[in-house]
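Next come the chains, spelled out residue by residue.
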Amino acid sequence: MTVSAPAVRTPAGAALRRFRKHPAAVVSVVFIALVVLAAIFARPLSGHDPNAIDLLSARSGPSGGHLLGTDSTGRDVLSRLLFAGRISLGVGIASAAIAVVIGTVLGSIAGLLGGWVDGLVMRLADVFMSFPSLVVIVVVAGILGPSVLTMVIAIGLFQWPVCGRIVRGVTLSLREQEFVLASRATGAGPLWLMRKHIIPAALPPVSVVATLAVAQAIALEATLSFLGLGVQPPAASWGNMLTDAQSLTVIRSEPWLWLSPGIAVALTVLAVNFIGDGLRDAVDPRSSS
Amino acid sequence: MGAFLVRRLSINVLVFFLITIAIFALVHKTPGDPIAMQIPADQLNSGSAEFIAQKRAELGLDGSLLTQYWHWLTNALHGDLGYSLLNGRPVTEVLGERVGPTVELMGVGLLVSVLIAFPLGILAARRRNSWLDYGATVVSLGSVSVPVFFVALIVIYVFTLKFQWFPSSGISDPTNPSLLNTLHHLVLPALILGFGNSGPFMRYVRSSMITELSADYVRTANAKGAPPRRVVLRHAFRNSLIPVLTVIASNLPQLLAGAVVIEQVFAWPGMGQLAVSSVNQHDYSVIVGFALLIAILVLMSNLLADVLYTVVDPRVRLR
Amino acid sequence: MTAEQIPGAAAASVPGAASAPGAAAASVPGAAPAAAQRVGEAPLLRIDGLSVDFHTDDGVVHAVTDVSLEVVAGEIVAIVGESGSGKTVTAMSVLRLLPKAAEVSADAIAFRGTDLRTLSGSELRKVRGGPVGMIFQDPMTALNPVMTIGAQVAEAVVLHQARSDKKAAWQRAVELLRLVGVPDPAERVKQYPHEFSGGMRQRAMIAMAIANDPDLIIADEPTTALDVTIQAQVLALLKKAQAETGAATILITHDLGIVAELADRVVVMYAGRVVETAGVGELFATPRHPYTKGLLASLPRMDVDVDQLDPIPGNPPNMADPPAGCAFHPRCPLARDKCLTDRPPLLAIGAGRTSACHFSEELA
């Protein structure tokens, strides 16, 4: 009667259709694409060396020569902002990748082996999740000394449990299905099972948590660098560009110094979160309605 | 219920010991002679070689790693966390005076986040897919996305520098440490901490309320003639609190992470500020003491979550 | 939609040809048992032309279409059908207990002459749990897990007190639980639903439904979730509660055994429409719709061998895309070409009886 038979569509096509229904997510994809391009073409876009010190024009406001002004040693804020984008995005993606790899491996091991291994892995996930990663990294950076590599590994290490749980859940449900049992019976190894069955099935939900992990990692990197425990100067990161703004004089009289990197982090993290949200609804329509 | 709590307690204690091993491994990694962290600096500098050697033996530093760990752990559990490398004061004392301000900030911050998250989450669940719901979702996404330090800078710019309504530094004026003055200092940091944590809480309240509002007993309450307010608050909300309280309790460590940043920006003399300054000044013994304190906080939060879970749900309580 | 359908003609209780609507209700002398034999009395509840649509991702689902029925004071009317036939939705629409996604339209939903749809929220709440009590299917989920049984029964009392008196309400709760056969009620009021067995929970539900001496009880599958042995006890209790309060009852069930035991009159629903109405005796003696006949054939009886049970072949239709013509035709042994295209209207086929089958005469 009033029902129109739904046209035959592929799952991916349907997911894309649902994703496009989220205006915020679509705008965010465009925004992130621009941020990535700006980070890649940082040098031609900015026209300045991010580390070139020019004490004569230090602490000057936005002008034709320096669109976003200069910092306390006369470095061009815009060029530092663009180069910082490389580090922030790089740290975000690398940490999320570590989390996804650890999560996928541990999650499928837990799901495939079950029993006490499963219990141990899940308990481990609980422990990692109950610790505030920022505080732990503060402690670790305090003792081992701050470094980008330590930070990336530490962030990734604290983000794997979400991914691990999802992969475990997918593995468990696959284990119930006959074709997987059949491929096990023919002597397929766990690696083969992972590549052939687990990873394809886990990909949609994992893509959601990976996106959210990128957002979290970017925010975490910025916070750690702001505290002086992440990316070390002279390398620029959005977080450490704000470190200078811990004095009231800077906050008051040189807002260009802290507003632009702050807005850059906020918008980037927000956009990646919006994309993650849109992806979630796209791969799992039940979550939205 | 007893068996459940005993099981959870033993798991948590086990985890705690594993974490102390991890912390000890970090201690082992610190540069310099470990004895410097365990006796006051003046004794270390003035003491004779024999005295140091005797101390070293007492502290088990000559023994195997296991002996060293055991000595370190038993001392720590007895409240002896060594001495600050910076000023020679006992670490327990240095940390102890910082606990109060942090607890104050976290407590009020938690209250603020609950006051934001509960009403907003309930309203968003009741009017699903309305503008209010979308608005609440965007606000909650914003609260998790915009880093807390940037929010703090904006707030300081507006409310301290432009309007001069609230101070942005310290816990109170040294000249006027009254309660009112302390509260005045607390407004901005607590609001920011509360806002930053309200996002996840709101989403939990919302999804929990959506589940409960569609439950059969809600229809029963409606069929009895209960007014909407009563149906939502007395029936649905009370049920939704079961998962929400557990989540809030296990989120306390995350609240501390926010406090660390906010204390740094607002020069709030709490544990977080101490931790960051100790890191910058390489005061390893204080950092290690801080790490132990965090481990205890995490342990306590997990236990609190377990206890709350058994207390608020009659089905678990009486089993 | 077929052209020959006339709104109102599909009423479940089609009186004589020209009598005023509602006047004769379904109570033609001799046709219905004693409780319904009050000729000329206005019905307690009159539903007229009720349709309920749900807007879903798969399109519009017509859960209920053009259902009319009347209940007179004191009688027990059973609404029978498979799950998805619209019987629960029909009952829930009386007190507006359907989810927001439901789009309800009707010519009338009148209780004691007042159209419930015109009531404000607070006026409607006076009816809910007051003169109309409800009993739900699953007493495990229908009771609030974090409130004591006593608090929930007392709540039903307090909400309808002129002046709030919690102490009196609590005592009344104890008294009600004793009335419905909960042993040691003074102690058990303090317990939570999970400490009650299924049957005891359903007794508590019944206590809540009769708390304010209702005129109408709507019981939605009151025994479906219970063990067979408990079912009999709860049915006996329902019977007793009905006898003591004198309340009319709408009994929603898929179980014809329960119908035979309790009901005065039966409304059979299929695919969101009424397909047959009759007094309980006539319905069991001479079903005049092939669906009813199929239901009866699938009912285990003392005098028939179990292996002769004959369930209706096929499945209930997908309500997002029901069959054209008579919705029952894919499963109907009598189906002919006409049934594929023309939907049979619900017509009076005798005193107090209706049927929506082109060939109801053949079944007589």
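Sequence positions are assigned chain by chain, starting from 1 and proceeding in written order. Lettering for chains starts from A, numbering for ligands starts from 1, and both go in the order in which the items are written. Only residues with pLDDT of at least 70 are given local features in this predicted model, and only at 80 or more are side-chain atom pairs given and counted; all residues enter the totals for whole chains, interfaces and linings. Each side-chain value is worked out from all heavy atoms of the structure, with water and hydrogens disregarded.

**Regarding the overall build of chain C**
By definition, any uninterrupted DSSP run of H or I lasting at least four residues is a helix, any uninterrupted run of E lasting at least two residues is a strand, and each is numbered from the N terminus. Tallying secondary structure elements over chain C gives 13 helices and 13 strands in all. Each residue gets one of three labels from its accessible area relative to the maximum for its type: buried under 20%, exposed over 50%, partly exposed in between, using a 1.4 Å probe on protein chains only. Sorting the 364 residues of chain C into buried and exposed places 57% on the buried side. Two residues form a contact once any of their heavy atoms are found within 4.5 Å. Within chain C, residue pairs in contact and separated by at least 24 positions form 65% of the contacts whose partners lie at least 6 positions apart.

**Some details on the overall build of chain B**
Scanning chain B for helices and strands turns up 15 helices and zero strands. Projecting the C-alpha coordinates of chain B onto the three principal axes gives extents of approximately 85 × 55 × 35 Å. For chain B, with 319 residues in total, the buried portion stands at 50%. Looking at chain B alone, contacts between residues at least 24 apart form 72% of all its contacts between residues at least 6 apart. Accessible area of chain B: about 14,200 Å², with a carbon and sulfur share of 66%. Positive and negative charge centroids in chain B, built from 22 and 17 side chains respectively, lie 22 Å apart. The protein chains shown are the only cover counted for residues, whose accessible areas, like all others here, come from Shrake-Rupley with a 1.4 Å probe. Within this scheme the basic residues Lys and Arg register as positive and the acidic residues Asp and Glu register as negative, but His and the chain ends are omitted. To locate a charge, take atom NZ for lysine, CZ for arginine, CG for aspartate or CD for glutamate.

**Quick word on empty space enclosed by the protein**
All names here are of chain B. The method works on a 1 Å grid over the protein atoms by themselves. A cavity is a set of points holding a 1.4 Å probe that cannot get out, a pocket is an open set with protein on both sides within 12 Å along at least five of seven lines, and residues with an atom within 4 Å of a point line them. Grid points are joined across faces, edges and corners, and a volume is the space filled by probe spheres set on the points. Tallied over the entire structure, the rule returns eight cavities of 30 Å³ or more. When its volume is computed, the largest cavity comes out at roughly 130 Å³. Together, V27, M37, Q38, L59, W72, N75, A76, D80, L81, G82, S285 and V288 line the largest cavity. For the lining of the largest cavity, the elements supplying multiple residues, two or more each, are α2 (35-38), α5 (65-77) and α14 (284-312).

**Points about the packing of aromatic side chains**
Aromatic pairs are defined between Phe, Tyr and Trp rings, using the six-membered ring for Trp, whenever the two ring centres lie within 6.5 Å; interplanar angles under 30 degrees are classed as stacked, those over 60 as edge-to-face, and all others as tilted. Evaluation of the coordinates by the stated rule reveals 17 aromatic pairs over all chains. Between F16 of chain B and F17 of chain B, the ring centres sit 6.1 Å apart and the planes meet at 75°, which makes this aromatic pair edge-to-face. You can call F16 of chain B buried: its relative accessible area is 9%. Plain terms: the ring middles of Y270 of chain C and F328 of chain C are 5.0 Å apart, the flat faces sit at 85° to each other, and that makes the pair edge-to-face. Of the two residues, Y270 of chain C is situated in strand β10 (residues 265-270) and F328 of chain C in the loop between α11 (290-297) and α12 (337-341); the sequence distance between them amounts to 58 residues. For the pair Y270 of chain C and F328 of chain C, one class covers both residues: buried. Members of the aromatic cluster, connected to one another through ring pairs, are F128, F158 and W160 of chain A. Each ring is checked for a lysine NZ or an arginine CZ that lies within 6 Å of its centre and within 35 degrees of its normal; such an atom marks a charge sitting over the ring. Looking at R188 of chain C, its charged tip hangs above the ring of F196 of chain C, at a distance of 4.4 Å from the centre. One Lys or Arg, R336 of chain C, reaches over the ring of F359 of chain C and ends 3.9 Å from the middle of that ring.

**Points about the domain arrangement of chain C**
Where interface size is given, it is often the accessible area lost as the parts come together that is meant. All names here are of chain C. According to the domain assignment, chain C contains domain 1 (1-117 + 216-234 + 242-364) and domain 2 (132-211). Of the residues lining the interface, 19 residues belong to domain 1; the matching set on domain 2 comes to 15 residues. The term buried area refers to how much accessible surface (probe radius 1.4 Å) is lost by two components on association, counted for both of them together. With both chains or domains summed, domain 1 and domain 2 bury close to 1,400 Å², and 70% of this area falls on carbon and sulfur atoms. When residues of domain 1 are sorted by the area they lose upon contact with domain 2, I217, I218 and V234 head the list and together hold 25% of the total. We count a salt bridge whenever a side-chain nitrogen from Lys or Arg sits within 4 Å of a carboxyl oxygen from Asp or Glu. Taken together, the connections running from domain 1 to domain 2 amount to zero salt bridges. A 3.5 Å cut-off defines polar contacts: any pair of N or O atoms within that distance qualifies, except that in protein one atom must be a possible hydrogen donor and the other a possible acceptor, and neighbouring residues in sequence count only when both atoms are side-chain atoms. For the pair domain 1 and domain 2, the number of links is seven residue pairs in polar contact (both at pLDDT 80 or more). The split of the chain into domains comes from an automatic or database domain assignment.

**Remarks on the sheet that holds β10 of chain C**
Residue and element names in this part refer to chain C. When DSSP finds two or more bridges between a pair of strands, those strands are recorded as paired. The strand order across the open sheet built from eight strands is β7-β8-β9-β3-β10-β11-β13-β12, with neighbouring strands paired in mixed fashion. Among the strands making up the open sheet, the edge pair consists of β7 (132-135) and β12 (347-350). Averaged over all adjacent pairs, the angle separating strand axes in this sheet is 25°, with direction ignored. Here strand β3 (residues 76-80) pairs with β10 via four bridges, running parallel. By the bridge assignment for β10, V77 is matched with R265. Inter-axis angles, ranging from 0 to 180 degrees, are taken between N-to-C directions of lines fitted to C-alpha atoms, where helices are fitted over the stretch in contact.

**A few points about the interface of chain C and chain B**
Taken together, the contacts link 25 residues of chain C with 23 residues of chain B. When chain C packs against chain B, the two sides together hide about 2,200 Å² of surface, and 58% of this comes from carbon and sulfur. If you sort the residues of chain C by the area they bury against chain B, R125, V146 and E155 of chain C come out on top, with a joint share of 25%. For the pair chain C and chain B, the number of links is two salt bridges. We note a salt bridge from R230 of chain B to E155 of chain C, for which the minimum N-O separation is 2.5 Å.

**What about the layout of surface pockets?**
The computed volume of the second largest pocket comes to approximately 1,300 Å³. If you trace the second largest pocket, you find 34 residues lining it, with L213 and N222 of chain B together with L98, P99 and K100 of chain C closest to the centre. At the level of elements, α6 (91-126), α9 (179-213), α10 (216-224) and α11 (228-250) of chain B together with α1 (87-94), β4 (102-105) and α2 (121-127) of chain C are the ones that each hand at least two residues to the lining of the second largest pocket. Throughout, the ten residues Ala, Val, Leu, Ile, Met, Phe, Trp, Tyr, Cys and Pro are labelled nonpolar, Asp, Glu, Lys and Arg are labelled charged, and all others, Gly among them, are labelled polar. A per-class count over the lining of the second largest pocket returns 20 nonpolar, five polar and nine charged.

**Details of the environment of S253 of chain A**
With respect to the helices and strands, S253 of chain A occurs in helix α11 (residues 248-253). As a C-alpha pair, S253 of chain A and R59 of chain A span 194 residues in sequence and 9.5 Å in three-dimensional space.

**Focus: the interface of chain A and chain B**
Contacts between the two partners involve 40 residues from chain A and, on the opposite side, 45 residues from chain B. Joining chain A to chain B, the criterion identifies one salt bridge. A salt bridge links D277 of chain A to R203 of chain B; the nearest nitrogen and oxygen atoms lie 3.2 Å apart. Listed by contribution, the elements that provide at least two residues to the side of chain A that touches chain B are α5 (115-130), α6 (133-144), α9 (190-226), α11 and α12 (255-283) of chain A.

**Details of the packing of helix α1 (residues 2-29) of chain B against α5 of chain B**
Residues and elements named next belong to chain B. Relative orientation of the contacting elements α1 and α5 amounts to 115°, with a least axis distance of 11 Å. Put simply, α1 runs roughly perpendicular to α5. For the crossing formed where α1 meets α5, the hand is right-handed. For the pair α1 and α5, contact is made by F16, F17, T20, I21, I23, F24, V27 and H28 and by L65, Q68, Y69, W72, L73 and L77, respectively. By residue class, the composition of the contact of α1 with α5 is eleven nonpolar, three polar and no charged. Reported orientations rely on four angle classes, namely roughly parallel under 35 degrees, roughly antiparallel over 145, roughly perpendicular from 65 to 115, and oblique for the rest. Each crossing gets its hand from how the near helix is turned against the far one by less than a right angle, where anticlockwise is left-handed and clockwise is right-handed.

**So, the confidence of the model for chain C**
As a general rule, the predicted coordinates of low-pLDDT regions are not to be interpreted in detail. All names here are of chain C. In the predicted model, chain C carries a mean pLDDT of 83, and the fraction of residues at 70 or more is 86%. The predictor attaches a confidence to each residue, and that confidence, scored 0 to 100, is pLDDT. With pLDDT under 50 throughout, residues 1-39 is counted as low confidence; its partners more than four residues away or in other chains account for 61 contacts. The ipTM value of the predicted complex is 0.87, and its pTM value is 0.83.

**Some details on the pattern of salt bridges**
Proximity of charged atoms lets side chains of opposite charge pair with each other. Counted according to the given criterion, the structure contains 23 salt bridges over all chains. One salt bridge connects E175 of chain C with R172 of chain C, and the closest N-O pair in it is separated by 3.3 Å. Taken together, the residues E175 of chain C and R172 of chain C, both in helix α5 (residues 166-179) and three residues apart, mark about one turn of the helix. When its relative accessible area of 46% is taken as the criterion, E175 of chain C is described as partly exposed. Within the structure, one salt-bridge network assembled from shared partners comprises R123, D126 and R165 of chain A.

**Focus: the pairing of β12 of chain C**
Looking down a regular strand, the side chains alternate between one sheet face and the other. Residue and element names in this part refer to chain C. As defined by bridge partners, β12 adjoins strand β13 (residues 353-355) across three bridges and the pair is classed as antiparallel. Bridged to G350 within β13 is R353. If you look at the hairpin formed by β12 and β13, you'll find two residues sitting between the two strands, and G352 has a positive phi there, around 70°.

**Looking at the UniProt feature "transmembrane region" (unreviewed entry) in chain B**
Residue and element names in this part refer to chain B. UniProt positions are given in the numbering used here, feature names are shortened, and annotations may be inferred rather than shown by experiment. Here the UniProt feature "transmembrane region" (unreviewed entry) sits at residues 9-27, 105-125, 137-159, 179-199, 240-266 and 286-312. Structurally, residues 105-125 comprises 100% helix and 0% strand, and the distance from its first C-alpha atom to its last is 29 Å. As annotated, residues 240-266 has a helix share of 93% and a strand share of 0%, and its two end C-alpha atoms lie 35 Å apart.

**Observations concerning unusual backbone geometry**
Residue P233 of chain A is joined to P234 of chain A through a cis peptide bond whose omega torsion reads 10°. You can see P234 of chain A is positioned in the loop between α9 and α10 (238-241). In this model, H282 of chain B sits at a positive phi of 55°, which is unusual for a non-glycine residue. When you line up the elements, H282 of chain B lands in the loop between α13 (271-280) and α14. What makes H282 of chain B partly exposed here is its relative accessible area of 47%. Located in the positive-phi region is E221 of chain C, a residue other than glycine, with phi close to 45°. By the element assignment, E221 of chain C lies in the loop between β8 (216-220) and α8 (228-245).

**Focus: the side chain of T223 of chain C**
All names here are of chain C. Inspection of the secondary structure assignment puts T223 in the loop between β8 and α8. Judged by relative accessible area, which is 2%, T223 ranks as buried. With near-sequence residues (within four places) excluded, T223 lies in contact with Q231, V234, L235 and I258.

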